[in-house]
Amino acid sequence: MSTDRKPAPPPRRLTDESPRVTVFHSDRAAARALARRIADAVAATPSLVLGLPTGRTPLALYNELASLAARGAADFSQVTTFNLDEFVGIPAEHPGSYRTFMEQHFFSLLHLAPERIHFLNGAAPDPAAECERYEQEIARAGGIDLQILGIGTNGHIGFNEPGPELDARTHRVTLRPETRRSNAALFGGDESGVPAEALSMGMGTILRARAIVLLATGASKASCVERVIHGRVTTAVPASFLQLHADVDVMVDEAAAAKLAR
Ligand code: GLP
């Protein structure tokens, strides 16, 4: 048996001011560090209000959190959650909905109180009223303490797509072709089955969170991460608006950090 396995390299901090960038040697290491941060925040504030993303990126994070909860190392029973977004026109129980994704990968494993789980209803008869309801629910919960984000390859966060302008509040959005493509796996691999529209927290909703962590892993995110950190604040890269927030951590693996200045 080999005994010369090198210890994993420690994370590297690239910037000390928000957005603070930390590079981990692997996606797993980044997920583990973020799980630890969330568990520590919940230990300090059991009634923490968490904002949550879907996507492939947070799966490792949700696994880590589930195993912390299973070992009794974290108690999420008092936590309140708000998910960022949901597709329009499908019910919560639809196999492709973000609600179903979260039930499978997070809610069913973490023993959250059902009444503290908040989700946009993509099947609401009046989407504008549904968006307004969500804003009010967030306000009633006292605002989001810690917002976790993934990022689309085009720089979107939640479903705030690049364009000439961004919406500040929770709103209805038309999805870009590349975004529908990257969500096709939820709809049996069929891009045309992905709803054309979604409801999403707005950029202002996200930026009102007290603290934000953006998790980005894999080579496909290297270009957008570079633009988020080194580029101008522009609606063409919605995540670049994170530069305006005073408490943002960007946690990346080496592959996603490949284009960042060292
Ligand atoms: C989706 C979600 C985003 C997510 C992004 C990246 O469209 N609306 O919240 O961050 O895609 O997904 P992935 O992590 O699978 O790359």
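Description of the structure in this document.

What counts, and where the lines are drawn
- Residues numbered from 1 in each chain as written.
- Predicted model: local features only at pLDDT ≥ 70, side-chain atom pairs only at ≥ 80, totals over all residues.
- Heavy atoms only, no water.
- Core = buried A, V, L, I, M, F, W, Y, C linked by side-chain atoms within 4.5 Å.
- Buried < 20%, exposed > 50% of the residue type's maximum accessible area, 1.4 Å probe, protein only.
- Helix = DSSP H or I, 4+ residues; strand = E, 2+ residues; numbered from the N terminus.
- Contact = heavy atoms within 4.5 Å.
- Near = heavy atom within 4 Å.
- Polar contact = N/O pair within 3.5 Å; in protein donor to acceptor, adjacent residues only side chain to side chain.
- Areas by Shrake-Rupley, 256 points an atom, 1.4 Å probe, with all protein chains shown as cover.
- Nonpolar A, V, L, I, M, F, W, Y, C, P; charged D, E, K, R; others polar.
- Salt bridge = Lys/Arg side-chain N within 4 Å of Asp/Glu carboxyl O.
- Expected span 1.5 Å × (residues − 1).
- Right-handed = clockwise from strand over helix to strand, strands pointing away.
- Pairing = 2+ DSSP bridges.

With that settled, the discussion passes to the nonpolar core. With 45 residues, the main nonpolar core has Ile38, Leu61, Leu65, Phe76, Phe106 and Ile148 as its most contacted residues. Residue assignment for this core shows that the elements contributing at least two residues are helix H1 (27-44), strand S3 (49-52), helix H2 (58-70), helix H3 (98-110), strand S7 (146-149) and strand S10 (211-216). Looking at which element gives the most residues to this core, the answer is H1, with eight residues. Apart from the residues lying within four places of it in its own chain, the contact partners of Ile148 are Leu34, Ile38, Leu50, Gly51, Leu52, Pro53, Leu61, Leu84 and Val213.

The next subject is the site of the ligand. The environment of the ligand is made up of 14 residues, and the closest members are Arg56, Thr57, Asp85, Gly158 and Lys221. In this structure, an oxygen atom belonging to the ligand sits 3.1 Å away from a side-chain N or O atom of His156. Lys221 has a polar side-chain atom sitting 2.6 Å from an oxygen atom of the ligand. In isolation the ligand has 390 Å² of accessible area, and contact with the protein removes 93% of it. Its residues assigned to classes, the shell around the ligand comprises three nonpolar, eight polar and three charged.

Next up on the list: the pattern of salt bridges. For the structure shown, the criterion picks out 18 salt bridges. For the salt bridge of Arg20 with Asp247, the shortest nitrogen-to-oxygen distance reads 2.5 Å. Of this pair, Arg20 sits in strand S2 (residues 20-24) while Asp247 sits in the loop between helix H7 (222-230) and strand S11 (248-253), placing them 227 residues apart in sequence. Owing to a relative accessible area of 25%, Asp247 belongs among the partly exposed residues under this scheme. Ionic pairing is found between Arg140 and Glu137, a salt bridge with its closest N-O pair at 3.2 Å. Within this pair, Arg140 and its partner Glu137 are both found in helix H4 (residues 127-140), separated by three residues, close to a single helical turn. According to the relative accessible area criterion, Arg140 is exposed, its value standing at 62%.

The end-to-end C-alpha distance of H1, which contains 18 residues, comes to 26 Å, matching closely the 26 Å that a straight helix rising 1.5 Å per residue would cover. All buried positions along H1 are accounted for by Ala29, Ala30, Ala31, Leu34, Ala35, Ile38, Ala39 and Val42. Where H1 is buried, its residues touch S2, S3, H2, S7, S10 and S11.

Residues Val49 and Gly51 line one face of S3 and the alternating positions Leu50 and Leu52 line the opposite face, and both faces are buried. Running through H2, the crossover from S3 to the neighbouring parallel element strand S4 (residues 80-83) is right-handed. Alignment of S3 against S7, held across two bridges, turns out to be parallel. Within S7, the residue paired with Leu50 across the bridge is Leu146.

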